[in-house]
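This is what each chain is made of:
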Amino acid sequence: MISDLSLMKIQVGTLFVHDDEERLRFINEPYRPEDHPAPVFFLGRTRCGLVVRFRYGELMRINLKKASMRDAEAIHRLQVESFLPLLRKYRDCETNPANEDVERIIDRIKQPHTTYYFIVLDGVRIGAIRIIYDDEVRRARISPMFIVPEHQGKGYGQDAMALVEDVVDAECWELETILQEEGNCYFYEKMGYRRTGVTREINKRMTIVSYEKSLR
């Protein structure tokens, strides 16, 4: 049985003429489609995920770039900068990613099911997202995702998550966040995640809450 997401991709492929990189060119009119330019941006939302397309020639402000082992130090710098304010706020010294050394990043990159992507804004790396993917059960875990403070709260995280759901062929997604960070909880719930009921108290200031999203 075809999924809603696959059906949406077929529909987009029928509605618009694409280039080789799946960028929109024209509306697929029967006569002279070149006279009918595609919209600048298309976002198709289904219960199974998102389909995101940009028009050819338009600047896609946010994109993802797969990282490699040689990018470990760059990932580490972004991670420390992104999580340091939370470390100062909650003093979770044993668990906060800002306290990790670069060797921890290297070890994760070596893991067979782990992939890091840089979150890139107009060609500049502003964060990263790590995906742990089990292809046998099509289950993916985000651990962690981060954007440097100066670019937080501008919608870039939402764009990055929409893009990664389009890249990774997962039926179920899971992640954790800080219960006391209400903005983070609202953000993930807006993206379709639901609380699993599992929580972990780190200290008196901070509790970790688990989220899950099903695309089945």
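Residues numbered from 1 in each chain as written. Predicted model: local features only at pLDDT ≥ 70, side-chain atom pairs only at ≥ 80, totals over all residues. Heavy atoms only, no water.

Draft legend 1. Just the overall build of the protein, in detail. Across its full length, the protein holds five helices and eleven strands. Split into buried and exposed, the 216 residues of the protein put 43% on the buried side. Put simply, of all contacts in the protein between residues at least 6 apart along the chain, 57% involve residues at least 24 apart. When the accessible surface of the protein is split by element, carbon and sulfur atoms take 49% of a total near 12500 Å². (Helix = DSSP H or I, 4+ residues; strand = E, 2+ residues; numbered from the N terminus. Buried < 20%, exposed > 50% of the residue type's maximum accessible area, 1.4 Å probe, protein only. Contact = heavy atoms within 4.5 Å. Areas by Shrake-Rupley, 256 points an atom, 1.4 Å probe, with all protein chains shown as cover.)

Draft legend 2. The layout of surface pockets, seen in detail. The space that makes up the largest pocket amounts to roughly 1200 Å³. Lining the largest pocket are 47 residues, with Phe83, Pro144, Met145, Thr177 and Tyr188 positioned closest to its centre. Elements that contribute at least two residues to the lining of the largest pocket include exactly helix 2 (72-90), helix 3 (102-110), strand 8 (139-147), helix 4 (156-167), strand 9 (172-178) and helix 5 (182-190). Sorting elements by how many residues they give to the lining of the largest pocket places strand 8 first, with seven residues. Residues of the lining of the largest pocket, tallied by class, amount to 19 nonpolar, 15 polar and 13 charged. (1 Å grid on protein atoms, 1.4 Å probe; cavity = no way out; pocket = protein on both sides within 12 Å on 5 of 7 lines; lining within 4 Å. Points joined across faces, edges and corners; volume = space filled by probe spheres on them. Nonpolar A, V, L, I, M, F, W, Y, C, P; charged D, E, K, R; others polar.)

Draft legend 3. Region of the structure containing helix 2. With 19 residues, helix 2 should reach 27 Å at 1.5 Å per residue; the first-to-last C-alpha distance of 26 Å fits that figure. At phenylalanine 83, helix 2 shows its largest kink, close to 40°, and the proline proline 85 lies no more than four residues downstream. Considered for burial, the residues of helix 2 that qualify are Ala72, Ala74, Ile75, His76, Leu78, Gln79, Ser82, Phe83, Leu86, Leu87 and Tyr90. Where helix 2 is buried, its residues contact helix 3, strand 6 (114-121), strand 7 (124-134), strand 8 and strand 9. Immediately beyond the C-terminal end of helix 2, within one or two residues, lies arginine 91, with a positive phi of roughly 55°. (Expected span 1.5 Å × (residues − 1). Bend = angle between axes of the 7 residues up to and from the residue.)

Draft legend 4. A look at the side chain of threonine 114. Following the sequence through the fold, threonine 114 ends up in strand 6. Engagement of the side chain of threonine 114 in a polar contact is seen with the side chain of glutamine 111, the distance being 3.1 Å. Within the local environment of threonine 114, its side chain forms a polar contact with the side chain of arginine 130, the two groups lying 3.3 Å apart. (Polar contact = N/O pair within 3.5 Å; in protein donor to acceptor, adjacent residues only side chain to side chain.)

Draft legend 5. Just the pairing of strand 11 (residues 207-214), in detail. Within strand 11, six of the eight residues are buried, which leaves the element mostly enclosed by the surrounding structure. Pairing analysis gives five bridges linking strand 10 (residues 194-201) to strand 11, with the strands arranged antiparallel. Bridging from a neighbouring strand, glutamate 201 pairs with threonine 207 of strand 11. Counting the residues between successive antiparallel strands, the hairpin from strand 10 to strand 11 contains five residues. (Pairing = 2+ DSSP bridges.)

Draft legend 6. Region of interest: the pattern of salt bridges. As enumerated under the stated definition, the model contains 13 salt bridges in all. A salt bridge links arginine 141 to glutamate 176, with the nearest nitrogen and oxygen atoms 3.5 Å apart. Taken together, the positions of arginine 141 in strand 8 and glutamate 176 in strand 9 put the pair 35 residues apart, joining distant regions of the chain. When its relative accessible area of 29% is taken as the criterion, glutamate 176 is described as partly exposed. By sharing partners, the salt bridges in this structure join Arg139, Arg141, Glu174, Glu176, Arg200 and Glu212 into a single network. (Salt bridge = Lys/Arg side-chain N within 4 Å of Asp/Glu carboxyl O.)

Draft legend 7. Seen up close, the packing of helix 2 against helix 3. Put simply, helix 2 and helix 3 touch, their axes get as near as 9 Å, and they point 120° apart. In this view, helix 2 runs oblique relative to helix 3, as classed from their interaxial angle. Seen along the crossing, helix 2 lies across helix 3 with a hand that is right-handed. Of the residues in helix 3, those touching helix 2 at Ala72, Glu73, Ile75, His76 and Gln79 are Val102, Ile105, Ile106, Arg108 and Ile109. Here the residues of the contact of helix 2 with helix 3 sort into six nonpolar, two polar and two charged. (Axes fitted to C-alpha atoms, helices over the stretch in contact; angles between N-to-C directions. Parallel < 35°, antiparallel > 145°, perpendicular 65-115°, else oblique. Left-handed = near helix turned anticlockwise from the far one by under 90°.)

Draft legend 8. Representation of the environment of tyrosine 133 in the model. Looking at where tyrosine 133 falls in the secondary structure, it is placed in strand 7. Spatially, the C-alpha atoms of tyrosine 133 and alanine 170 are 7.8 Å apart, while their sequence positions differ by 37 residues. If we skip the residues at most four places from it in the chain, tyrosine 133 touches His113, Arg138, Arg139, Ala140, Val168, Asp169 and Ala170. A polar contact is formed between the side chain of tyrosine 133 and the backbone oxygen of aspartate 169, at a distance of 2.5 Å.

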